[in-house]
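# Breakdown of the fold
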Amino acid sequence: MTEAYHSLFTIHSSLLLSLLLGWLLDLCFGDPQKLPHPVVWFGKAIATFEHSLNKGNHRKVKGAIISLSLIVFVFIATFLVRNLLFMGHWALSMVFETLVVFYCLAGTTLVREVRAVFIALNRGLEDGRRQVARIVGRDTSELSAQEVRTAALETLAENLSDGVIAPLFWFAILGTPGMLAYKMVNTLDSMIGYKTERHKDFGCWAAHIDDVANYIPARITAFLMVLAVGRMDLLRFVWKNGRNHASPNSGYPEAALAGILDCRFGGPHYYFGELFDKPYIGDNNRPFTTTDMKKAVRVNRTAEVLMVVLVVASIVIRSIW
């Protein structure tokens, strides 16, 4: 009984330390650009399968098989590696899980990229377009300065969910295997989950799986953003406007930021040469400034801290029970 309790305590302690250390590494360094990154490997695997299989008949079936197989493979592989290391020594498992958390969180890199967009715009419109193209999927070659700033702020809100809150949510539910499997889900959606002529069939399942995986995290993200500014009255605005988006999830964090900044997001955008007429979120079509970006960054950071506190609390509660 004592040994079983000690083992369980060690597992939860290792999980807690891994979370905190991995999060602190992300806060300090952001994405390690000079080191191998799992998401890069995910992208190469997806690109290889997409290139060889996204042709001919049964594209939807082939896309479904590939998407599900890659997600399940990542979950099982992470689970096995973690457990094998834990059998050797719990500290080895903790180091592995710390690195997984570090690689899966993108809060610091997201903030840096959005700040860089606003700085680039101060140098010139072309610099701003090139910089924002690093973090958005839409065509940026014809964007105005206002549209560049809008794209950056929309991405800041949307990717707070995809790059921070959702990974932490799945870490709380399924540990590092769930966290890394979620990153595969998100990478699949970002690469093939588009409604373009090329991807609408092959990436159909990838997009739907991503919708399911982000359903709860997106709404948690919006709630935490509203909580971060102490404006609970904005929840009604979020509920009303969060559905004004092509995605069933992305609209909620974007609506939260639109309410906080009293601005308007959305509208028509080009993706891969095709025009997508997105609904507007909010009504106040005012110009954005660097002050808006700084406020949005503070909201993101506060929401991130709140989510980490929630996950820590969930681990502590499970260790007590």
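Let me begin by describing the structure that accompanies this report. (Residues numbered from 1 in each chain as written. Predicted model: local features only at pLDDT ≥ 70, side-chain atom pairs only at ≥ 80, totals over all residues. Heavy atoms only, no water.)

### Re the overall build of the protein
- Helix and strand content of the protein: 11 helices and two strands.
- When the elements of the protein are put in sequence order from the N terminus, they spell out α-α-α-α-α-α-α-α-α-α-β-β-α.
- The C-alpha radius of gyration of the protein comes to 20 Å, within 12% of the 20 Å expected for a compact globule of 321 residues.
- Counting across all 321 residues of the protein, residues that qualify as buried make up 49%.
- Accessible surface, the protein: about 15,800 Å² in total, of which carbon and sulfur atoms supply 65%.
- For the protein, the distance from the average site of its 32 positive side-chain charges to the average site of its 27 negative ones is 2 Å. (Helix = DSSP H or I, 4+ residues; strand = E, 2+ residues; numbered from the N terminus. Rg over C-alpha atoms; globule rule 2.2 N^0.38 Å. Buried < 20%, exposed > 50% of the residue type's maximum accessible area, 1.4 Å probe, protein only. Areas by Shrake-Rupley, 256 points an atom, 1.4 Å probe, with all protein chains shown as cover. Lys, Arg positive; Asp, Glu negative; His and termini not counted. Charge placed at Lys NZ, Arg CZ, Asp CG, Glu CD.)

### A look at the packing of helix 6 (residues 125-132) against helix 7 (residues 145-192)
- Packing of helix 6 against helix 7 brings their axes to within 10 Å, and their N-to-C directions diverge by 25 degrees. One element, helix 6, and the other, helix 7, form an angle in the roughly parallel class. As helix 6 runs across helix 7, the sense of the crossing is left-handed. Contact with helix 6, carried on its side by Leu125, Gly128, Arg129 and Val132, involves Ala145, Val148, Ala151 and Ala152 of helix 7 and no other residues of that element.
- A breakdown of the residues in the contact of helix 6 with helix 7 according to their chemical character gives six nonpolar, one polar and one charged. (Axes fitted to C-alpha atoms, helices over the stretch in contact; angles between N-to-C directions. Parallel < 35°, antiparallel > 145°, perpendicular 65-115°, else oblique. Left-handed = near helix turned anticlockwise from the far one by under 90°. Contact = heavy atoms within 4.5 Å. Nonpolar A, V, L, I, M, F, W, Y, C, P; charged D, E, K, R; others polar.)

### Examining a nonpolar patch on the surface
- A contiguous nonpolar patch, built from Val72, Ile76, Phe79, Leu80, Leu84 and Met87 and spanning about 610 Å² of accessible area, is present on the exposed surface.
- In this fold, leucine 84 is placed in helix 3 (residues 59-88). (Patch = residues over 30% accessible without salt bridge, like charges linked within 9 Å, V, L, I, M, F, W, Y side chains within 5 Å. Salt bridge = Lys/Arg side-chain N within 4 Å of Asp/Glu carboxyl O.)

### Things to note about the environment of proline 177
- Inspection of the secondary structure puts proline 177 in helix 7.
- For proline 177, a relative accessible area of 0% gives the class buried.
- Between the C-alpha atom of proline 177 and that of phenylalanine 79, which follows or precedes it by 98 residues, the distance is 5.4 Å.
- Contacts of proline 177, omitting those with residues within four sequence positions, involve Phe75, Thr78, Phe79 and Arg82.

### So, the layout of surface pockets
- Volume-wise, the second largest pocket comes out at about 340 Å³.
- If you trace the second largest pocket, you find 16 residues lining it, with Pro38, Trp41, Phe42, Thr78 and Leu180 closest to the centre.
- Top element by residues in the lining of the second largest pocket is helix 3. It accounts for six residues.
- Taken together, the residues that form the lining of the second largest pocket break down as 15 nonpolar, one polar and no charged. (1 Å grid on protein atoms, 1.4 Å probe; cavity = no way out; pocket = protein on both sides within 12 Å on 5 of 7 lines; lining within 4 Å. Points joined across faces, edges and corners; volume = space filled by probe spheres on them.)

### Considering the side chain of threonine 221
- Inspection of the secondary structure puts threonine 221 in helix 8 (residues 204-229).
- Take threonine 221: its relative accessible area is 0%, and that puts it in the buried class.
- One polar contact links the side chain of threonine 221 to the main-chain carbonyl oxygen of proline 217, over a distance of 2.7 Å.
- Threonine 221 has contacts with Leu160, Ser161, Ile165 and Pro253, leaving out every residue within four places of it along the chain. (Polar contact = N/O pair within 3.5 Å; in protein donor to acceptor, adjacent residues only side chain to side chain.)

### Comments concerning the pattern of salt bridges
- On inspection of all chains with the given rule, the structure shows 11 salt bridges.
- The residue aspartate 233 makes a salt bridge to arginine 231 at a minimum N-O spacing of 3.1 Å.
- For arginine 231, a relative accessible area of 34% gives the class partly exposed.
- Between arginine 286 and aspartate 292 there is a salt bridge, and its shortest N-O distance comes to 2.7 Å.
- Members of the salt-bridge network, linked through shared partners, are Arg123, Asp127 and Arg130.

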